[in-house]
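Chains, contacts and geometry: an overview
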Amino acid sequence: MRNQIRKDILILSFFIFSIISVGTTQELPDTTSELFKKALRLFLDCRDCDIDYSRKQITFVNFVRDPSEAQVHIYSSSQRTAAGGKEFTLTFIGRENFIGLNDTLNYISRQSDTQEMIREGLVRTIKLGLMRYVAHTPIANQLAISHTTVSAQEKAIDKWDYWLFSLSSNFMFNGEKSYKQANTFWSLSANRVTQELKINLSYSGSYNDQWFNYGGDVYKSISHSHNFNGSFIFSITDHWSWGVFGRTSSSTYSNLDFDITFSPAIEYNIFPYSESTRRILRISYKPIFEYADYHEETIYNKIKEKLFSENLSLTLDQKEPWGSTSISLHASHYFNNIKKFNIGMFSALSIRVVEGFAIQLFGDYTIQRDQLSIAKSGASEEEVLLRRKELESQYNYWLSVGLSYSFGSIYNNIVNPRFGSGGGGYSFSFSSD
């Protein structure tokens, strides 16, 4: 503990000395934009970090997506401690003009720490490690013990204009003597996020083929789906937003040959959006136009139809030292028949009750009276058992409850990886008749 305190004091002293010495020799660029062009370029390779939170808290660097573009590469790894917490090792690797200037800092959490505590501790450790690099950049003149609130990553010029593209696909095949299955899935997305505008575009598709041989009888089941989603969300103030949403889809499971929806939307956040990493309480409203073309005639004797509906939702997300909570309420109905409605609630709660004891609750319950696409012909026994067709239901739900408790020493930060985390290594069993 004393060694860690000494290390923190040395880093802080170096930071103050570097800012004073560099501040007397460097000149301030003419504009804020020019200043942040020369801010430190950082690649954060940290699976345990809350990336959005880190970007909001560390605003004196430029975050980059490619390590080859970075001046500093931070790599994070973690191991369980004997007390049930985690030891996080943050390795700072200098590149370009910082080659050879490397460092390693550790942050240790306890088992009873909440996610809020852990992410704050990681960000604090990252800030400390960055000071030796930031002190050699022009932005050091703008830093004191606390940094300015201007976000570097928003001021820097991005040659991709903030667009991020993603492609993925996979194929799986498995089987045995009486069973075979083949699955394929693919997706494409394009996203652009700034403070003023958020664009999300995505396309995905899947194909599933199953083959069964039971008592000489062969059963084959095929299902497929395609989905395209698009949204354009605009900032109005620190509390108001508006957007446009659209979707096209087809699904053998839901009896949809082609379905398209279009919806404008408005949202109000009780708390400022600038506090979104800590808390959100937002209300959103969407009027929706939908055109549906079905594979088979529905239980309402429709093969295609135009529909108008509306949706209202209320969502609360909050992260505090005592834990975190998320509650979402939503309701919708069709205008042509108000009896066709949908009401649901999702909740997630993690509470740190006392030292070492936590309760976790997750649940979702939905009352649904708006299943308009159910096929009139019904479903065969095979389709029911394999869930190849959607069935009429009045509700659906799921619930998860978890408890955790630990006690004993809270200062045992030793990591011993011998024979794996459980200490059991490999096991072998032999049997004889």
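1. A short note on the sheet that holds strand β11 (residues 256–269)
The strand order across the open sheet built from 12 strands is β6-β7-β8-β9-β10-β11-β12-β13-β14-β15-β16-β17, with neighbouring strands paired in antiparallel fashion. Strands with a single pairing partner mark the edges of an open sheet, and in this sheet they are β6 (163–176) and β17 (395–405). Between one strand and the next, the sheet's axes are offset by a mean angle of 10 degrees, whatever the strand orientation. As judged from the 11 bridges shared by strand β10 (residues 240–251) and β11, these two strands associate in the antiparallel manner. When the sheet's bridge partners are listed, arginine 247 is paired in β11 with threonine 261.

2. Side note on the side chain of aspartate 113
Looking at the element boundaries, aspartate 113 is found in the loop between β5 (103–109) and α4 (115–134). Of note is the side chain of aspartate 113, whose polar atom sits 3.0 Å from the backbone nitrogen of arginine 110. Once residues lying within four places of it in the same chain are set aside, the contact partners of aspartate 113 are Tyr107 and Ile118.

3. Overview of the side chain of serine 328
With respect to the helices and strands, the residue serine 328 is situated in strand β14 (residues 323–334). Of note is the side chain of serine 328, whose polar atom sits 3.3 Å from the side chain of threonine 315. Apart from residues no more than four positions distant in its own chain, serine 328 is found in contact with Leu314, Thr315, Gly344, Met345 and Phe346.

4. Points about the nonpolar core
Core analysis: the biggest nonpolar cluster contains 31 residues, and Phe60, Val61, Val72, Ile74, Leu130 and Val134 have the highest contact counts within it. Residue assignment for this core shows that the elements contributing at least two residues are α2 (32–37), β1 (40–45), β2 (61–63), β3 (72–80), β4 (86–94), β5 and α4. Sequence-distant contacts of leucine 130, defined by excluding residues within four places in its chain, comprise Leu40, Leu42, Ile58, Phe60, Val61, Val72, Ile74 and Phe92.

5. Some remarks on the pairing of β1
Bridge count for β1 against β2 is 3 bridges, and the pairing is parallel. Paired with leucine 42 across the bridge in β2 is phenylalanine 63. A crossover links β1 with its parallel partner β2, the connecting element being helix α3 (residues 51–57), and its sense is right-handed. Relative to β3, β1 runs parallel, the two sharing 4 bridges. Within the sheet, the bridge partner assigned to phenylalanine 43 lies in β3 and is histidine 73.

6. Examining the state of the cysteines
Considering all chains together, one arrives at 1 disulfide under this definition. In this model, cysteine 46 is linked to cysteine 49 through a disulfide, with the two sulfur atoms separated by 2.1 Å. Taking the sign of the S-S torsion, about 75 degrees here, the bridge from cysteine 46 to cysteine 49 comes out right-handed. Across this residue pair, the class does not change: cysteine 46 and cysteine 49 are buried.

7. What about the environment of leucine 281?
Locating leucine 281 in the fold gives a position in strand β12 (residues 279–294). For leucine 281 and phenylalanine 271, which are 10 residues apart along the polypeptide, the C-alpha to C-alpha distance reads 6.3 Å. Sequence-distant contacts of leucine 281, defined by excluding residues within four places in its chain, comprise Tyr268, Asn269, Ile270, Phe271, Leu314, Thr315 and Leu316.

8. Let's talk about the pattern of salt bridges
Going through the model one piece at a time under the given rule, you end up with 12 salt bridges. For the salt bridge of lysine 319 with aspartate 50, the shortest nitrogen-to-oxygen distance reads 3.4 Å. Of this pair, lysine 319 sits in strand β13 (residues 304–320) while aspartate 50 sits in the loop between β1 and α3, and the two are 269 residues apart along the sequence. A relative accessible area of 32% means that lysine 319 is categorised as partly exposed. In this structure, glutamate 116 and arginine 119 form a salt bridge, with 2.9 Å as the shortest nitrogen-oxygen distance.

So, how was this worked out
Residues numbered from 1 in each chain as written. Predicted model: local features only at pLDDT ≥ 70, side-chain atom pairs only at ≥ 80, totals over all residues. Heavy atoms only, no water. Pairing = 2+ DSSP bridges. Helix = DSSP H or I, 4+ residues; strand = E, 2+ residues; numbered from the N terminus. Axes fitted to C-alpha atoms, helices over the stretch in contact; angles between N-to-C directions. Polar contact = N/O pair within 3.5 Å; in protein donor to acceptor, adjacent residues only side chain to side chain. Contact = heavy atoms within 4.5 Å. Core = buried A, V, L, I, M, F, W, Y, C linked by side-chain atoms within 4.5 Å. Buried < 20%, exposed > 50% of the residue type's maximum accessible area, 1.4 Å probe, protein only. Right-handed = clockwise from strand over helix to strand, strands pointing away. Disulfide = S-S within 2.5 Å. Salt bridge = Lys/Arg side-chain N within 4 Å of Asp/Glu carboxyl O.

Geometry only, nothing functional implied.
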